[in-house]
Amino acid sequence: GPRSNPRGGARALSHAARRAGGHMGQRLICCLDAPSALQPPPLLPVRRKLLLLGIMLFLWLYMFYSCAGSCASVPGLAGRPAGEAAATAGAHGEGLQVLSKLLRRAPAGGAQGLAGPAAASPSEEQSAAPDPTSPISSFFNGSGTKKLPQAIIIGVKKGGTRALLEFLRVHPDIRAVGAEPHFFDRNYERDFAWYRDLMPRTLDGQITMEKTPSYFVTKEAPARISAMSKGTKLIVVVRDPVTRAISDYTQTLSKRPDIPTFESLTFKNRTTGLIDTSWSAIQIGIYAKHLENWLLYFPIGQILFVSGERLISDPAGELGRVQDFLGLKRIITDKHFYFNKTKGFPCLKKAEGSSKPHCLGKTKGRTHPNIDREVVQRLREFYRPFNMKFYQMTGHDFGWD
């Protein structure tokens, strides 16, 4: 064929390249001018970014709050220091490890007290209990800590202790266990960690309470409560000892219909009229005798005596005294009560955690059996000197005579 011309070939190649490049440039310019999926979207406004960041932070906190609540109920984590429990739970997720670090910075006196050795002295337990938790710890466990009671309703049986406790639980700064723990009379062989675990959780500033009426007549109870804390405030609900004895008998009769009559149980010898003080229904009403034992360990100013009669006739007035004694604002007033004519005593318009009226159960306000008037009179004569001494000791005349 014809001889090739190197220079001509080079020029042709260069021309072709320029022509191709021109077409490509036109295409590129065309592509750049037109909207394309490859073009980055416009930047989000600052407000939108801040909103997104806030939502992410809220979800992060909510996730760890939920995890903390779940882990608290896992067996093996309960009763351990907050930081240690959270650290254990943190093994399940990277996020909980962060939670563990946060909680370890917060004091966990309440949890450590439960995990501590049983040999710890009661006074040490009590001093550790009121330690406030940090905001972080309170936020994550959401319900405060368990503490040993700062106030106890110690008596008396059939005096009105249940009514007082139910009325007090309306106050937002009082948290009380419903059932009677009987720690200082029947369960003292258990340790203080067991006792504290029975208590409801409280926030800083709230008072933990319990009531066990049999403490007042238990000889060992004053020393035991004093060993827990010498500063414990004590409340005694007292009632006319004769009426109280009949009420006590009525309660027993409802459970054991075959028991002897009230009259036969009252006397050791009906002919001589000698009162049987070994019968608990009689013995409990000798208030002065029991109070002497308590005054060996507690000053009289640390004990509040509530009138069972006034608790019925003027519940708001008696509750006002109790709130003052506990150092609380008078929140429970007349507006919280109404008188139930059927039962014969006041009821709450709204109970704790409810919007409905609440009266004590059918076991309260039982109809008393008719008691021989001579027996009632003999009992009044028996109690009179003890009542007078009780008035002098407490500085208050309850008007039973």
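Residues numbered from 1 in each chain as written. Predicted model: local features only at pLDDT ≥ 70, side-chain atom pairs only at ≥ 80, totals over all residues. Heavy atoms only, no water.

Note the following rule: UniProt positions are given in the numbering used here, feature names are shortened, and annotations may be inferred rather than shown by experiment.
Naming follows an unreviewed UniProt entry, where the chain appears as Sulfotransferase of Chelydra serpentina. The record held by UniProt for the chain lists under Sequence similarities (unreviewed entry) the comment "Belongs to the sulfotransferase 1 family."

### Re the packing of helix H8 (residues 161-168) against helix H16 (residues 315-325)
The following threshold applies: Here, axes are lines fitted to C-alpha atoms. For helices the fit covers the stretch in contact, and angles between N-to-C directions go from 0 to 180 degrees. The secondary structure listing takes helices from DSSP runs of H or I that are at least 4 residues long and strands from runs of E that are at least 2 residues long, numbered from the N terminus. Each angle receives one of four descriptions, namely roughly parallel if under 35 degrees, roughly antiparallel if over 145, roughly perpendicular if within 65 to 115, and oblique otherwise. Whether two residues touch is decided by their heavy atoms; if any such pair falls within 4.5 Å, the residues are in contact. Residue polarity is assigned by list, with Asp, Glu, Lys and Arg as charged and Ala, Val, Leu, Ile, Met, Phe, Trp, Tyr, Cys and Pro as nonpolar; anything else, Gly included, falls into the polar class.
Look at H8 against H16: their axes get within 11 Å of each other, and the N-to-C directions meet at 75°. Taken together, the axes of H8 and H16 are roughly perpendicular relative to one another. Contacts between H8 and H16 involve Leu164, Phe167 and Leu168 from the first element and Pro315, Leu319 and Val322 from the second. Counted by class, the contact of H8 with H16 contains 6 nonpolar, no polar and no charged residues.

### A few points about the nonpolar core
Let me state the cut-off plainly: In this text, buried Ala, Val, Leu, Ile, Met, Phe, Trp, Tyr and Cys residues form a nonpolar core when linked through side-chain atoms within 4.5 Å. With a 1.4 Å probe rolled over the protein chains alone, any residue whose accessible area is under 20% of its type maximum counts as buried; one over 50% counts as exposed, and the rest are partly exposed.
If you look at the biggest cluster of nonpolar residues, it comprises 31 residues, and the most contacted ones within it are Ile154, Phe184, Tyr195, Tyr215, Ile225, Trp294 and Phe390. Of all the elements, helix H14 (residues 287-294) adds the most residues to this core, at 4 residues. Dropping the residues within four chain positions of it, tyrosine 195 is found in contact with Leu148, Pro149, Ile152, Pro181, Phe183, Phe184, Glu210 and Met228. Core analysis: the next-biggest nonpolar cluster, separate from the first, contains 27 residues, Ile207, Leu319, Phe325 and Leu326 among them.

### Thoughts on the state of the cysteines
For the record, the criterion: Note that a disulfide, as used here, is simply two cysteine sulfur atoms within 2.5 Å.
Counted by the stated rule, this structure contains 1 disulfide. One disulfide bridge connects cysteine 347 with cysteine 359, the sulfur atoms lying 1.8 Å from each other. Looking along the S-S bond of the cysteine 347-cysteine 359 disulfide, the torsion reads about 105°, which is the right-handed sense. Remark: cysteine 359 occurs in the loop between strand S11 (345-348) and helix H17 (373-394) and cysteine 347 occurs in strand S11; sequence separation between them is 12 residues.

### Side note on the UniProt feature "binding site: 3'-phosphoadenylyl sulfate" (unreviewed entry) in the chain
Using the residue numbers shown here, the UniProt feature "binding site: 3'-phosphoadenylyl sulfate" (unreviewed entry) corresponds to Lys158, Gly159, Gly160, Thr161, Arg162, Arg239, Ser247, Lys364, Gly365, Arg366, Thr367 and His368. Along the chain, the position of glycine 160 falls in the loop between strand S2 (151-155) and H8. Residue position: threonine 161 is located in helix H8.

### What to know about the sheet that holds S2
Inclusion rule: Only strands that DSSP links by at least two bridges are regarded as paired with each other.
The strand order across the open sheet built from 5 strands is S3-S5-S2-S6-S9, with neighbouring strands paired in parallel fashion. On the outer flanks of this sheet lie strand S3 (174-176) and strand S9 (303-307), each paired with one strand and no other. When strand polarity is set aside, the average angle formed by the axes of neighbouring strands in this sheet is 25°. Where strand S6 (residues 233-238) lies against S9, 5 bridges are found, and the strand directions are parallel. Opposite valine 238, over in S9, you have serine 307 as the bridge partner.

### As for the packing of helix H11 (residues 241-255) against H17
Axis angle and axis distance: for two packed helices, these are the angle between their axes and the distance between the axes, and together they describe the pair. The geometry of H11 relative to H17 is characterised by a closest axis approach of 9 Å and an angle of 125° between their N-to-C directions. Compared by their axis directions, H11 and H17 come out oblique. Where H11 abuts H17, its residues Pro241, Val242, Thr243 and Ile246 lie against Val376, Leu379, Arg380, Tyr383 and Asn387. Here the contact of H11 with H17 is composed, by residue class, of 6 nonpolar, 2 polar and 1 charged.

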